[in-house]
Every structure is written in C-alpha cells, then in structure tokens.
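# Chains, contacts and geometry: an overview
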Number of protein chains: 2
Amino acid sequence: MATIYDVAKKAGVSPKTVSRVINGNRHVREETKNKVLEAIRLLDYYPHAIAKSLKQKTTNNVGYVVPYGSDFVFRDPGQLEQLKGAHNVLTGEDYNLILSVPNSGREALFEVNRLLKHREVDGLILYAMEGVETLAKDFEEKGLSYVSLGKCYPEQEYNFVEIDAPSGGYLATKYLLSLGHRWIGFITEPARFLAPDKQSMIAGCLKAYAEAGLEFPHHLVLEGDYTVNFAEQAAGWFLSKDPGPTAIFCASDPMAWGLMRGLRKEGLTPGVEIDLMAGDDLPFSRAIEPDLSAVNSRLHELGAEAAEMLLVILRKKREIGTRAKLPGRYLRSELVIRGTTTGHAAKREAAGLRR
Amino acid sequence: MATIYDVAKKAGVSPKTVSRVINGNRHVREETKNKVLEAIRLLDYYPHAIAKSLKQKTTNNVGYVVPYGSDFVFRDPGQLEQLKGAHNVLTGEDYNLILSVPNSGREALFEVNRLLKHREVDGLILYAMEGVETLAKDFEEKGLSYVSLGKCYPEQEYNFVEIDAPSGGYLATKYLLSLGHRWIGFITEPARFLAPDKQSMIAGCLKAYAEAGLEFPHHLVLEGDYTVNFAEQAAGWFLSKDPGPTAIFCASDPMAWGLMRGLRKEGLTPGVEIDLMAGDDLPFSRAIEPDLSAVNSRLHELGAEAAEMLLVILRKKREIGTRAKLPGRYLRSELVIRGTTTGHAAKREAAGLRR
DNA sequence: TTGAAAGCGGTACCAC
DNA sequence: GTGGTACCGCTTTCAA
C-alpha cells in the first residue's frame, strides 16, 4: 500500500507538503494542493495511523476496564448502558474504545498496565476497584490519564464520576413512605460492587425513615447479587417475614424483573397486592416490564460523563502538556413513577387487612 | 517513560540484546539476561506497543463492525452474544477488539476503510452488508484480512460464518407439526437483516410442511423487527386470523418475550392454550423467561467462530505471507424443548375445540 | 510556500 | 552470544 513518499513522488512535491495537505494546513498553494489530492486519490492512499501515532505519541484509543468478567459485563444491561454511553462519546470524537473485561480486580491491574504503560491507549476509563489507589499515584507520576467509574479510594477528589446511591435510596423510600407504606423491603447492591468507602443506597433509605420518624425495618434488608434469579428467590424470603413488606425497593432493574416474577408466582400482582420499585430504569426494562416504577440511575449518562471527562483531560494534556485534574462528579437519580407503585397495598395494611 | 535505550544503557548492553531478552530469545547468556531484567524492573520499563507495531506491521487490534447503530447493538442480547463470543476468543489471543457501530451500511463502508486502510487493525469481523462485495475484491487486492458474519454476496465461498436459518425453521416447524399442530404462526427475521441471497428461516418451515404433506399457512406469516414491543403487538394480529395459530415460532428471543406478554394479555398461557417456540435460546432468556422452548442459534459460537477464522487468517498471513481463504462455515441450530411446547393446544384443536 | 533531514522506539540483518 | 545500524512511515524544526 502506498506511503506518503509515493504520493510525494507522484505529485512531484516533498513528503512534508503532502503532510501539510493531509492535515489541512493552509500554507499550501491551491495548485500544489490539487496535485497532491489527485495523487492521493490515484494511489488510494491512507496515512498510516501507527506511524502517525509513534510520532505524535497519541493513539486515539481509550481503554475501558471492568473487572467483573465477560460473562457478567456482556449480559448485564446496566453495564452495557454505561459502556454504550462511553462508546458514543468516544467514537463521536474519533477515539476507539478498547474493552477489557478481566475476571478480577487483580487481573484488572494487570490489564491497566498492559494498556497504559505499553501505550496502547491514551487514557483509561476504569471501574472503581481496590488497588487503584496505588495505581493512581503511579499514573500521577508518569502522567497517565484516567477517569474512574466510582471512587477508588475514600479521599479521591478528582477524576471520578459516581452515582449517588444514597440519594436514590432516599428518593425511593421517601416516595414509598408517602404512599403510606410502613414496612418496605430492600434488596441492596452486592457489597463487592461497592467501592471502598462508597455508601450503599441503604444510607438514604435510613434517612428517609428517620425523617418520617419511623423505625427502620432492618429485618427486611437483603443483599442482592444483581441477578434476575436471585431476586426471584427473594420473593419467598420477603413473604416469610413478619411483618412482611407492603412494598419492595431493589437496587437494579434485572433484580426487579426477577422479583416481579417471584411475586407473581406467589400470587401477588405488583401494584395491587404489593408495590415495587426498581433501581435503574433501563431502556431495556421498558420493553421487558413496561410498568415498572423506578429510580433512574442514569447509567448511560454515567458512562458518557466519564468519557467526556477523559476527553477533557486528554485535550488539556495535548494543549498544556500537563495532566489535568477534574473534580469528581456525582449523578443524582430521579424518580420515575409508573404502575407498580400505587399504594394500594399500603391502604389495605392501614385498613387492618393482611394478605 | 523509559525506552529500550535507557534499559540498554543501565544494563550495559545494546538495545538489541534487550530486545532479545524481552522477546524470549534463547541466545542470551543467563547472566546478561538477569542484568537486563533487573534494569527493566528498576526503570519500570514497558515496550512501546506502537513502535513495535510500526516495525512489525501488525497492531494486534481487530475491528468488529456492525452497521445497525449503537442503540440497537448495545441493547440486543443476541448481538451481544455474538460480540461476546468474538471478544472472548480475540482477547484470549492477546488481540484487542475495536467495536464500531455505524448507523448504516453506507457508513459502515467508511468505517471499514478507516480501520483497515489506515492500518488501525490487522483484520476485520464484519456483518454482512451490501457493498461488501466491492470491498472484498479491494481487500483481496490489498491483502487485507476479514471474516464476515453472514455471506456478503451470493457467490461468496470463503471467509464467512453464517447461521443456517432454514435448518432452524425446519427443525422448529417439524417438531411443532409432530406435536399435532396444523396451524403454526411465524414471525420472521426483518428482511433488512438478511444478507443478499440469504434464505429466511421460512424456507425451512415450508420444507417441513411440504414433507408432512400439509399446506403452508401463508396467512400466518409476519415479518418481525427483532423488538420486544413489535412482537407483543403481534399477538393480537395472530388471534385475529382465521384459522388462528395453535403454535407460534418466532425468529428471536426478544420477540418471543414480547409475544409471551402479548399472549398472556389476551388471556392465553403459552404451553397451555397456545404453544410458543423462540429463535435464539440466549442465556439471558433463561433468566427472563426460563420456560421458553427454542431453537438454539448458537450466536456465541457464531462470534467465536468468526474470530477463530480471522485468527487463522492472520496467522497464515504472518507465517506464509499470503492471505488465506477459509471455506465459509454454516452453524446448524439445535432444538431445546422446555415448557412452552406441550402440544396441548394442538390436541384441543383436534378435539374440535377452538378458543 | 516548500524541502531536507532528524527522530519517535522498537526490530533485525549482518558482522564480529 | 552480542552490537552497530538501517529502517518502518510519518511529523516537524529550520532554512531556503
């Protein structure tokens, strides 16, 4: 395939002039430019991206590292929303996204080194994981760029974007309480998905109960694992409790799907005998279970925002030469009320009727 | 960051020797090797992937181009299974996968050029799309490597892997007929997803009917669009037909989910009043609708197989220097019988009972 | 406005 | 077993 020299020779100019034309430099006579363009067309010439990279010390690749393994990442719609958000932004700016899905935090650290230190990528979007604290300092020193999805260590102030889980828990709980529910069940995030000091949604749930002057039903809290099947089983667990819940809030949409199925199997219709609120509000959810009331976690925006931040950092680095630090951002959830939170179950309960 | 020269200097050897050590060449004295290793460790040295690429004319990146846009690709579990299959294989051999999701075939051709001709990738996995015929010849000429998911043009004999859709249709239909069904409804693949001469699953369905000596119910065929919502609506359409179906086979799992919901809304329980067979058997489906009988399209294998083929092609190119052609492969579906194909509806029909 | 030549960080042919 | 050096294809400083 043709090189810049072939083009130069054919057009009767120097490689530098060809380079100027390619990169839109205005200091080229129109006539010369046309000769070059014609030669490029004739030779079906495309600049060699690698050679350009070597010279310019940038690859136009960004790595995206999620340490939960390919089985999980490719099959969890919530993960994919984040990924999609980042992918959209990145490709919009002509960056390629290189997805790496190691099976553990340990392997992830290895991947991070592979991608960044070998300079296969200009920067990294990475899930919060233990050990990144050490990395962060290393990156700092070496001028490597990254943004994390979630805080990696308690004191991290820069270069992260995170969902404000407690605020989601607060909103959901407050709303359910306002419908008259007294006994709300909770399926939380798996503890292993929480960054070191990140607060669980439960913090917000507790707050809402406290504000309402009610005692929090600790016996109705279950740690989830983000899977549909787990949540389906959970339905029975909740119903075995006394007092049992008149409403359940769970930390992710897939868990809400499972819970819905579990409840139906037990003969309970969400929105009628029991209320249900989900934790993501994924587009996919609206197809599967269109009626689901939810806290919108804005996962797509989360990924997009991380990518935007990284692009700013990369741009600054290119222009000013130094690595920028962007203050961490929190995304607040919003309430989306649909058909599974009617308060009917709460009214029954108030009327002294128990299932 | 340190270069190979820094390491060489620190170890008191030449860059070439360092290169030998890095690449596992045996012609290095143990003592020298240790000196080099120590220097590498001290300097936290990692070889510059880009520089290596330039010299070796390989990038260790593979492109994956799907011309249906990001909204579709990231939210269709079937697409993601294929992608996951390819990603697993590729990363297992230390290749990076660069995902490109242009909005149309037209844009896809542009992407293909961007990735391949600029040498950002060593090879490409691409969805069958119109216009690839021209590309294929261009690739041939320029020695560029690709494998297509589906045949790109009727006479294509090499470098593709494709699901044998008619065989899936045949299996499903034959099985349903064996249960005693006479009137089977069909939701097909969207025509725009079919490669130029690719046969629809319907070809197989026709064959099964013909073998059974029955007339094919053309009035019960509906072209789908692969979405949940479409299929939900389709339930009503089927029930408005006369004679209506006692079983429905649809070309994808997401459509089966929608159809299930639609049928339930109409008061029909799949497996009881009407039989239902899905067209993918996705892992995700087993969580959402665990009971669904299906034709297993082996989408994960499809992606994996495409990646394997591409790796073989790339290996041959490296070793023999010439671009290999691999004969195209067809993947046959398999029947997975679960709870939604019981034949009850067919027996009722035979007994003269109609809904 | 245009060109000559050095250099990015590796690899590898060919000597020793 | 080890090293000197040219070269991959592009960009860029500096001079013309």
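Source: prediction; values computed, not measured.

The next point concerns the relation of the copies chain A and chain B. For the pair chain A and chain B, the relating rotation is 180 degrees, the translation along its axis is 0.0 Å, and the fit reaches an RMSD of 0.1 Å. With respect to symmetry, the two chain copies, as superposed, fit the operation of a two-fold axis. Among all C-alpha atoms of chain A, that of I98(A) lies closest to the rotation axis, at 2.8 Å. A symmetric contact is evident, with 100% of the interface residues of chain A recurring at the interface of chain B.

Formed by 163 residues in total, the largest nonpolar core has its most connected members in Y64(A), I125(A), Y64(B) and I125(B). Other than its neighbours up to four places away in sequence, Y64(B) contacts Q82(B), L83(B), A86(B), L97(B), I98(B), L99(B), S100(B), I125(B), Y127(B) and L149(B). One finds I98(A), L126(A), A195(A) and L135(B) within the second-largest nonpolar core, a separate group that totals 40 residues.

Right, let's talk about the protein's contact with DNA strand C for a bit. Close contacts around DNA strand C come from 26 residues, with T17(A), H27(A), T32(A), K16(B) and S19(B) the closest. Measuring from a phosphate oxygen of DNA strand C, one finds a side-chain N or O atom of T17(A) at 2.6 Å. For DNA strand C, a phosphate oxygen lies 3.0 Å from a polar atom in the backbone of R29(A). Contributions of two or more residues to the surface near DNA strand C are made by α2 (15–22) and α4 (49–56) of chain A together with α1 (4–11), α2 (15–22) and α4 (49–56) of chain B. Element by element, the count of residues in the surface near DNA strand C is highest for α4(B), at four residues.

Looking now at the pairing of strand β3 (residues 123–127) of chain A. Residue and element names in this part refer to chain A. Of all five residues in β3, five are buried, a share of seventy percent or more. Relative to β3, strand β1 (residues 61–65) is paired through four bridges, and the arrangement is parallel. Its bridge partner lying in β3, Y64 is registered against I125. Pairing of β3 with strand β4 (residues 145–149), which is carried by five bridges, proceeds in the parallel orientation. Each residue of the ladder has a partner; that of Y127, found in β4, is L149. Running through helix α8 (residues 132–142), the crossover from β3 to the neighbouring parallel element β4 is right-handed.

This part is about the sheet that holds strand β8 (residues 247–250) of chain A. All names here are of chain A. Reading across the sheet, the six strands line up as β7-β6-β8-β9-β10-β12 and stay open at both edges, with mixed pairing between neighbours. In this open sheet, the two edge strands, each paired with only one partner strand, are β7 (221–223) and β12 (334–336). Taking each pair of neighbouring strands and ignoring which way they run, the sheet shows an average axis angle of 15 degrees. Lying on the sheet, helix α9 (residues 165–178) is in contact with β6 (184–188), β8, β9 (275–278), β10 (293–296) and β12; it crosses β8 at an angle near 170 degrees.

Another point: the protein's contact with DNA strand D. Around DNA strand D lies a shell of 26 residues, among which I4(A), K16(A), T17(B), H27(B) and T32(B) are the nearest. What you see for DNA strand D is that sugar and phosphate hold 61% of its atoms within 4 Å of the protein. Taking N23(A), its side chain carries an N or O atom lying 3.4 Å from a phosphate oxygen of DNA strand D. If you tally residues by element for the surface near DNA strand D, the top one is α4(A), at four residues.

The next subject is the interface of chain A and chain B. Every contact between the two is made by 49 residues of chain A and, on the other side, 49 residues of chain B. Between chain A and chain B, the buried area comes to about 4600 Å², and carbon and sulfur atoms account for 61% of it. Taken as a group, M1(A), R75(A) and R119(A) account for 15% of the area that chain A buries against chain B, more than any other trio of residues on that side. Here chain A and chain B share six salt bridges between them. Considering each element in turn, the side of chain A that touches chain B owes the most residues, seven residues, to helix α6 (residues 77–92) of chain A. Per-class residue counts for the side of chain A that touches chain B are 24 nonpolar, twelve polar and 13 charged.

This next bit is on the domain arrangement of chain A. Residues and elements named next belong to chain A. Looking at chain A, the domain boundaries give domain 1 (4–56), domain 2 (61–157 + 300–332) and domain 3 (164–297 + 336–350). Taking only C-alpha atoms, the centre of domain 2 and the centre of domain 3 are 31 Å apart. Listed by partner, the interface residues are 15 residues for domain 2 and 13 residues for domain 3. Carbon and sulfur atoms make up 65% of the surface buried where domain 2 meets domain 3, a total of about 1200 Å² over both sides. Ranking the residues of domain 2 by area buried against domain 3 places Y68, P77 and R332 at the top, with a combined share of 36%. Our count for the contact surface shared by domain 2 and domain 3 stands at one salt bridge. With a closest N to O distance of 3.0 Å, D164 and R332 form a salt bridge. Grouping the constituent residues of the side of domain 2 that touches domain 3 by class yields eight nonpolar, two polar and five charged.

Tallied over the full model, the rule gives 25 aromatic pairs over all chains. Ring geometry for Y68(A) and Y127(A): centres 5.6 Å apart, planes at 80 degrees, overall edge-to-face. You can see Y68(A) sitting in the loop between β1 and α5 (70–73) and its partner Y127(A) sitting in strand β3, a full 59 residues away along the chain. Residue classification places Y68(A) among the buried positions, given a relative accessible area of 14%. With a relative accessible area of 8%, Y127(A) lands in the buried category. Centre to centre, the rings of F193(B) and Y226(B) are 5.0 Å apart; their planes meet at 80 degrees, and the pair counts as edge-to-face. Taken together, the residues F193(B) in the loop between β6 (184–188) and α10 (201–212) and Y226(B) in the loop between β7 (221–223) and α11 (228–239) connect sequence positions 33 residues apart. For the pair F193(B) and Y226(B), one class covers both residues: buried. Three or more aromatic residues link up through ring pairs in this structure, and these residues are Y68(A), F72(A), Y127(A), F193(A) and Y226(A). Over the ring of Y170(A) we find K207(A), and its NZ or CZ is 4.3 Å from the ring centre.

Parameters and conventions
Residues numbered from 1 in each chain as written. Chains lettered and ligands numbered in written order. Predicted model: local features only at pLDDT ≥ 70, side-chain atom pairs only at ≥ 80, totals over all residues. Heavy atoms only, no water. Least-squares fit on C-alpha atoms with pLDDT ≥ 70 in both. Contact = heavy atoms within 4.5 Å. Core = buried A, V, L, I, M, F, W, Y, C linked by side-chain atoms within 4.5 Å. Buried < 20%, exposed > 50% of the residue type's maximum accessible area, 1.4 Å probe, protein only. Near = heavy atom within 4 Å. Polar contact = N/O pair within 3.5 Å; in protein donor to acceptor, adjacent residues only side chain to side chain. Helix = DSSP H or I, 4+ residues; strand = E, 2+ residues; numbered from the N terminus. Pairing = 2+ DSSP bridges. Right-handed = clockwise from strand over helix to strand, strands pointing away. Axes fitted to C-alpha atoms, helices over the stretch in contact; angles between N-to-C directions. Buried area = accessible area lost by both parts, 1.4 Å probe. Salt bridge = Lys/Arg side-chain N within 4 Å of Asp/Glu carboxyl O. Nonpolar A, V, L, I, M, F, W, Y, C, P; charged D, E, K, R; others polar. Domains from an automatic or database assignment. Phe/Tyr/Trp six-rings, centres within 6.5 Å; stacked < 30°, edge-to-face > 60°. Lys NZ or Arg CZ within 6 Å of the ring centre and 35° of its normal.

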